[in-house]
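# Coordinates in review
The lines below spell out each chain.
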Amino acid sequence: MAEHLLGKLEQSAVSQRFANFCFREQHGLVESYSAWDNCLDRPIIFKIFRRNIIDKRDRLARLEKEVRDLATVISPHVVRILDFGKTKDVAYLAVDWVDGTPLLECKEHCDLEPYEVCKLISQAADGLAAAAEAGVLHRNIRASSILVTQEGFAKVTDFAVAMFVGQAEMPKVTRSGYFMGATENAAPELYAGERSGAVTETFSLGCVLYKALTGVEPYSDSVVAGFSVGELPQNPAYAPSSLDCKIDKDLDEIVLSAIALTPEQRLQSIACLRNALQEWLSKQEDGRQLSEVTEKGEVKRIATATNQKVAKRKKSIEKNGTPRHRGKTRVKKEVKDTTVDVAAPVVIEERESAQKYRTALLVFFLIVAAYIAGATQRTSSTSESTG
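Summary of the structure given here. Source: prediction; values computed, not measured. (Residues numbered from 1 in each chain as written. Predicted model: local features only at pLDDT ≥ 70, side-chain atom pairs only at ≥ 80, totals over all residues. Heavy atoms only, no water.)

### Digging into a nonpolar patch on the surface
For clarity, the threshold we go by: What makes a patch is a set of residues exposed beyond 30% relative accessible area and free of salt bridges, joined within 9 Å when like-charged and within 5 Å when nonpolar (Val, Leu, Ile, Met, Phe, Trp, Tyr). Methods summary: accessible areas were calculated by the Shrake-Rupley approach with a probe of 1.4 Å, and residue burial reflects only the protein chains presented. Any carboxyl oxygen of Asp or Glu that lies within 4 Å of a side-chain nitrogen of Lys or Arg is treated as forming a salt bridge with it. The helix count covers DSSP runs of H or I at least four residues long, the strand count covers runs of E at least two residues long, and both are numbered beginning at the N terminus. Exposed residues in this analysis have more than 50% of their type's maximum accessible area, buried residues have under 20%, and partly exposed residues fall in between, with area computed by a 1.4 Å probe over protein chains only.
A grouping of Y357, L361, F364, F365, V368, Y371 and I372 is seen on the molecular surface, where their side chains present a nonpolar patch of about 760 Å² in accessible area. Among the secondary structure elements, Y357 is positioned in helix α12 (residues 343–386). Overall, Y357 belongs to the exposed group, its relative accessible area being 56%.

Okay, structure coming up:
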């Protein structure tokens, strides 16, 4: 099917603008390619929809509206739409190409701390919230939909796709309340036939956050599906802090409120989750700054006390002369253990004082020796004259 759809596209006028198509992946009725935009002279991601299938489900008009709404979203954390159009056989969507790594791969390779994970999820939530304000829901939030750039920014991809990827990817509810198809991060109410909304988006992003922090899913699909038909879960989600000691209780509360199985107990929108994470991040940053200030203050206090001791000792040397050997050793040790600027001058001055002391002592001995020699000579002369 990939070659068939691309062949039809290349026969149209669209091929004059877009070139160098390279197949990437297929999700349901959507094929994804990397390509080159000749007009913008840049790499892009090109998605092709089977128009005849979309028309049967009356989705083309909805796709066009959602793309127009999404094009009005201005957020550094949402991948931009560059072009949208349709030919006789297909519809297509061109979006920015992002040089990034999926969130979970980034977490695994870079060993991200909880603070860094929450910062990325907060950025993704900011992009999703901006889209929600424009009336666009993602409907298929996964860890693979969040790319982390080399600069450390999160960007949300695959907008305007999940709603139109066909029955292979959309929830299909059965009479028993279960649904077939992709179930990753789907909220319990979707199993019961409810429509996607703000709280279902919160649940999906909360599941991504939980897995990014702990490495495991908060619930199994059977638990979520069973809850949708009234079955109480035997194994509720563990608090993230019980799986990773680096996670605190405040973050536990945020995560668990995002993935609550009951919609009424859940954070009511992506914006609420973003705000809660940003508040937690702000507290963490304040704590880090306080720790740095405390550490620097302690170092400064010790340095000040040491400076005072060295200055006091210096005055003592200037007033009383060179100390005895024991005192000298102690002062030198104090000076050596400090990193203050007065250390070197104190050692040099102490050495100069010691040198002066030795010189004065030598002169004293020479004077005494000369005096003794003179006295001896005078005594000798007196004895000879007397005799």
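### Description of the nonpolar core
Most often, soluble globular proteins have nonpolar side chains that are buried together. Keep this limit in mind: Among buried residues, the Ala, Val, Leu, Ile, Met, Phe, Trp, Tyr and Cys ones that are joined through side-chain atoms within 4.5 Å form a nonpolar core. Note on definitions: a residue-residue contact is assigned when non-hydrogen atoms from the two residues lie within 4.5 Å.
By size, the foremost hydrophobic cluster in this structure holds 63 residues, and its most contacted members are I121 and L205. The greatest single-element share of this core, amounting to ten residues, is contributed by helix α5 (residues 114–133). Leaving out residues up to four positions away in the same chain, I121 has contacts with L103, I146, L205, V208, L209 and L277. Counting eleven residues, the second-largest nonpolar core is a separate cluster that includes V14, F18, Y92 and A94.

### Considerations on the side chain of R266
Going by this rule: Each polar contact in these results corresponds to two N or O atoms within 3.5 Å; when the atoms are within protein, one needs to be able to donate a hydrogen and the other to accept it, and residues that are neighboring in sequence are counted only if both atoms are side-chain atoms.
Following the sequence through the fold, R266 ends up in the loop between α9 (249–258) and α10 (270–320). Here R266 falls in the buried class, since its relative accessible area comes to 3%. Among the polar contacts listed, one links the side chain of R266 to the side chain of E189, at a separation of 2.8 Å. A distance of 3.2 Å separates a polar side-chain atom of R266 from the backbone oxygen of L261.

### With respect to the packing of α5 against helix α7 (residues 198–214)
The line we're drawing: Helix axes use the C-alpha atoms of the stretch in contact, all axes being lines fitted to C-alpha atoms, and the angles between their N-to-C directions lie in the range 0 to 180 degrees. Between 65 and 115 degrees an angle is taken as roughly perpendicular, under 35 as roughly parallel, over 145 as roughly antiparallel, and anywhere else as oblique. Here a crossing is taken to be left-handed if its near helix is turned anticlockwise relative to the far helix by less than a right angle, and right-handed if that turn runs clockwise. Under the scheme applied, nonpolar residues are Ala, Val, Leu, Ile, Met, Phe, Trp, Tyr, Cys and Pro; charged residues are Asp, Glu, Lys and Arg; polar residues are all the others, including Gly.
Put simply, α5 and α7 touch, their axes get as near as 10 Å, and they point 165 degrees apart. Classified by the angle between their axes, α5 and α7 sit roughly antiparallel to one another. Considering only the axes of α5 and α7, their crossing is right-handed. Of the residues in α7, those touching α5 at P114, V117, C118, I121, A125 and L128 are L205, V208, L209, A212 and L213. For the contact of α5 with α7, the class distribution of residues is eleven nonpolar, no polar and no charged.

### Focus: the pairing of strand β2 (residues 30–37)
Formally: Here a strand pair is declared whenever DSSP counts at least two bridges between the two strands.
The buried count for β2 comes to seven of eight residues, which makes it a mostly enclosed element. Across seven bridges, the pairing between strand β1 (residues 18–27) and β2 is antiparallel. Residue pairing in the sheet places Q26 in a bridge with E31 of β2. Alignment of β2 against strand β3 (residues 42–50), held across eight bridges, turns out to be antiparallel. By the bridge assignment, V30 is partnered in β3 with F49. Here β2 folds back onto β3 in antiparallel fashion, the turn holding four residues, of which D41 has a positive phi close to 55 degrees.

### Details of the environment of H77
Structurally, the position occupied by H77 is in the loop between α3 (60–71) and β4 (81–86). According to the relative accessible area criterion, H77 is buried, its value standing at 8%. Separated by 80 residues in the primary sequence, H77 and T157 have C-alpha atoms spaced 9.0 Å apart. For H77, the contacting residues outside a window of four places in its chain are Q123, D126, G127, F153, A154, K155 and V156.

### Some details on the environment of E113
Within the secondary structure layout, E113 lies in the loop between α4 (103–110) and α5. A residue is classified by how much of its surface remains accessible, and E113, at 31% relative accessible area, is partly exposed. Note: C-alpha distance between E113 and K246 (133 residues apart in sequence) is 8.0 Å. Polar side-chain contacts of E113 include one of 3.2 Å to the side chain of K246.

### Re the pattern of salt bridges
All chains considered together, the criterion is met by twelve salt bridges. Here R17 and D83 are joined by a salt bridge, their closest N and O atoms 3.3 Å apart. With R17 in the loop between α1 (2–10) and β1 and D83 in strand β4, the pair connects residues that are 66 residues apart, well separated along the chain. What makes R17 partly exposed here is its relative accessible area of 21%. Judged by relative accessible area, D83 falls into the buried class, the value being 18%. In this structure, K47 and D158 form a salt bridge, with 3.4 Å as the shortest nitrogen-oxygen distance. Of this pair, K47 sits in strand β3 while D158 sits in the loop between β8 (154–156) and β9 (172–173), placing them 111 residues apart in sequence. A relative accessible area of 8% places K47 in the buried class.

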